[in-house]
Every structure is written in structure tokens, then in C-alpha cells.
Amino acid sequence: MSTTGTAETHFVFKVLLLGDGAVGKTSLISMFTKGFIKQDYKMTIGVDIMAKTVKVDDKIAKLSIWDLAGQQRFKSIRSAFYGGVAGAMLVFDLTRALTFKNLVNWLQELYQFGNPECPTVLIGNKSDLVELRDVRQEDIDWFVSEIGSEYIQTSAKTGENVEKAFISLTKKMIEKSMGKQIRIVKSQAEGKYYTSLTAENVNSKSTTTQSASESTNTLNSDSQE
Ligand SMILES: Nc1nc2c(ncn2[C@@H]2O[C@H](COP(=O)(O)OP(=O)(O)OP(=O)(O)O)[C@@H](O)[C@H]2O)c(=O)[nH]1
Ligand SMILES: [Mg+2]
């Protein structure tokens, strides 16, 4: 698995980064897409969108990564950004327990305005600040088992596990997307609407649909600095 700049795309996914202000969402995206972060904190206003193409096994996926403003003051406008979400990262700051507790509110927003069935990855960020750690591992383990997610500890500062987190979420989105296509083919094969569809050509149809919506997203996208 790796990141790539090739033109062929099998999937286009909208990914949301959710979590309280200053947990490191913008920094994680910056490290993943540009390879560096800014040390000073400049809160995100509303939303920023970045794109990055990744290769997982033999599949190429274009990620449209939506960086939602975490500060409370943006709550009322955030609901508009959840539509079409394919996967979400729930980010908390390992040095601030409140950001972990507040994840239930973020899940609620995701379920209410987005898709309750989209894959999620739980991200404990700022792992480099070991001595300031404020969240117990057993609480994290419990939460992960409750929401059926995967937990990855990252540092946007050092880059630890940042690519791993995005690739892992991409894998889950691909698996979910492929599973759905296979179910469609199966039910069509079993039912009266049988056609000559195969997993491959359903796949290419769905890619075409997704590409159309993706070009809308990238029209609005702004590389943030
Ligand atoms: N030590 C350390 N600092 C980090 C890490 N990730 C982010 N930061 C710092 O934490 C601050 C906030 O990071 P941002 O990425 O702007 O946080 P955000 O979640 O996007 O915040 P909002 O845009 O307000 O929602 C910045 O000063 C970053 O440099 C990390 O892994 N380790
Ligand atoms: Mg931000």
C-alpha cells in the first residue's frame, strides 16, 4: 500500500475528520497530504477540503478529505457538510480527556447528518506528548468495542501512524463498497431482475457515478495553508 499520483481511479471517497477544536485534524491532513505541519494553531473556519489519491493493494482510491471546524461556534453550519460521507476519522487529543468524552457528540452528528453505517477509525492524536497523557487506555478500549471501530494512536507532529490511519480507513471503505456491489449482483442473480451484471462492471458503473460527484467536491476544494 502506498500513496500515488496515477490517473486511474477505482473509487472516490468523501472522508470527514471530526473532533474538538485543536485536537489536530488539520495537522493530520497536512502531514498526510504535504508531509509537514504548522506548529502554530490557526483554527479551521467552517471547512477545508483536500484531495489525495492512495493505492491500497491493487485498488486506487481518490480521497476527498473534509476538515471540519471543531470549535463549538461552527456547530450550526457543520451539518451541511456531512452529506455523502463514506468514512470518518474520530479524532481526540490524548492530552485532553474532554476531547475524548466529547466524541459521543461527534458520533451523534455523524449519525444524524451523515451516514450511521460509514466506517470509522478512532484516532488518539499527539502521542508524542507522552508525559501529558490524560486518557486511560481502558476507556479507549471500551469505546472502541462499543462503536465497533479501530483505534490508531498518531502524532501529526512526528508523523507516527498518520499514513497508516488514512490507509486503514480507505481499506474499510473499499471493503464496504465492494461488499455492497457483490450483494447487488447476488440479489440480481437470484431475483427476477437478473441481468448480465458482474462485480467488475458494477464496479466501473459505481466509479463513474462517484467520479461525477467528486469533481463537484474538488471544484470547491481549496488547498489550505
Ligand atoms: N505535539 C503535538 N502537537 C500537535 C499534534 N497535532 C497537532 N498539534 C498542534 O495542535 C494545535 C492544533 O492543531 P490543529 O491541527 O490546528 O487542530 P484542529 O483539530 O484542526 O483544530 P480546529 O481547526 O479548531 O478544529 C496546533 O498548534 C498543532 O501544531 C501532535 O501530534 N503533537
Ligand atoms: Mg483545523
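Parameters at a glance
Residues numbered from 1 in each chain as written. Chains lettered and ligands numbered in written order. Predicted model: local features only at pLDDT ≥ 70, side-chain atom pairs only at ≥ 80, totals over all residues. Helix = DSSP H or I, 4+ residues; strand = E, 2+ residues; numbered from the N terminus. Buried ≥ 20, exposed ≤ 12 C-beta atoms within 10 Å, placed from the backbone. Near = placed C-beta within 6 Å. Nonpolar A, V, L, I, M, F, W, Y, C, P; charged D, E, K, R; others polar. Pairing = 2+ DSSP bridges. Right-handed = clockwise from strand over helix to strand, strands pointing away. Core = buried A, V, L, I, M, F, W, Y, C linked by C-beta atoms within 7 Å. Contact = placed C-beta atoms within 7 Å. pLDDT = per-residue confidence, 0-100.

Undergrad: When you look at the overall build of the chain in this model, what are you seeing that I'm missing?
TA: Along the backbone of the chain there are seven helices and seven strands. Going residue by residue from the N terminus, the α and β elements of the chain occur as β-β-α-β-β-α-β-α-α-β-α-β-α-α. Within the chain, buried positions represent 35% of all 225 residues.

Undergrad: In this structure, what is going on with the site of ligand 1? I would like to understand it.
TA: Near ligand 1 there are 24 residues, and of these Gly24, Thr26, Ser27, Thr44 and Gly70 occur at the shortest range. Per element, the largest residue contribution to the shell around ligand 1 is three residues, and it comes from helix α1 (residues 25-34). For the shell around ligand 1, the per-class residue count stands at eight nonpolar, eleven polar and five charged.

Undergrad: Explain helix α5 (residues 137-147) here, please?
TA: Every α-helix winds through 3.6 residues per turn, so residues three or four apart in the chain are directed the same way. Among the eleven residues in α5, one count as buried, and that is only a small part of the element. After α5 finishes, the residue Gly148 shows a positive phi value of roughly 60°.

Undergrad: Mind showing me how you'd approach the pairing of strand β7 (residues 150-153) here?
TA: Successive residues of a regular strand alternate their side chains across the two faces of the sheet. By the bridge criterion, four bridges tie strand β6 (residues 120-125) to β7 in an arrangement that is parallel. Bridged to Ile123 within β7 is Ile152. At this point the chain moves from β6, through α5, to the parallel β7, and the crossover so formed is right-handed.

Undergrad: Could you clarify how one ought to interpret the nonpolar core in this entry?
TA: Soluble, globular proteins show a tendency: their nonpolar side chains are buried together. Among the nonpolar cores identified, the biggest contains 48 residues, and Val15, Leu16, Leu17, Leu18, Met89, Leu90 and Val91 are the most heavily contacted of them. Those elements giving two or more residues to this core turn out to be β2 (11-18), α1, β3 (47-56), β4 (59-68), β5 (87-93), α4 (103-113), β6 and α6 (162-190). The element best represented in this core is β2, accounting for seven residues. What Val15 contacts, discounting residues up to four positions off in sequence, is Leu63, Ser64, Ile65, Trp66, Ala86, Gly87, Ala88 and Leu169.

Undergrad: What exactly am I supposed to notice about the confidence of the model for the chain here?
TA: Keep in mind that low pLDDT regions are not for reading the predicted coordinates in detail. Summary statistics for the chain give a mean pLDDT of 84 and a share of 76% for residues scoring 70 or more. Contacts for the low-pLDDT stretch residues 192-225, under 50 throughout, to residues beyond four places or in other chains number 40 contacts.

Undergrad: I'm lost on the pairing of β5 in this one. Help?
TA: Within β5, seven of the seven residues are buried, which leaves the element mostly enclosed by the surrounding structure. Burial along β5 is two-sided: Gly87, Met89, Val91 and Asp93 facing one way and Ala88, Leu90 and Phe92 facing the other are all buried. By the bridge criterion, six bridges tie β5 to β6 in an arrangement that is parallel. Across the sheet, the residue bridging to Met89 is Val121, located in β6.

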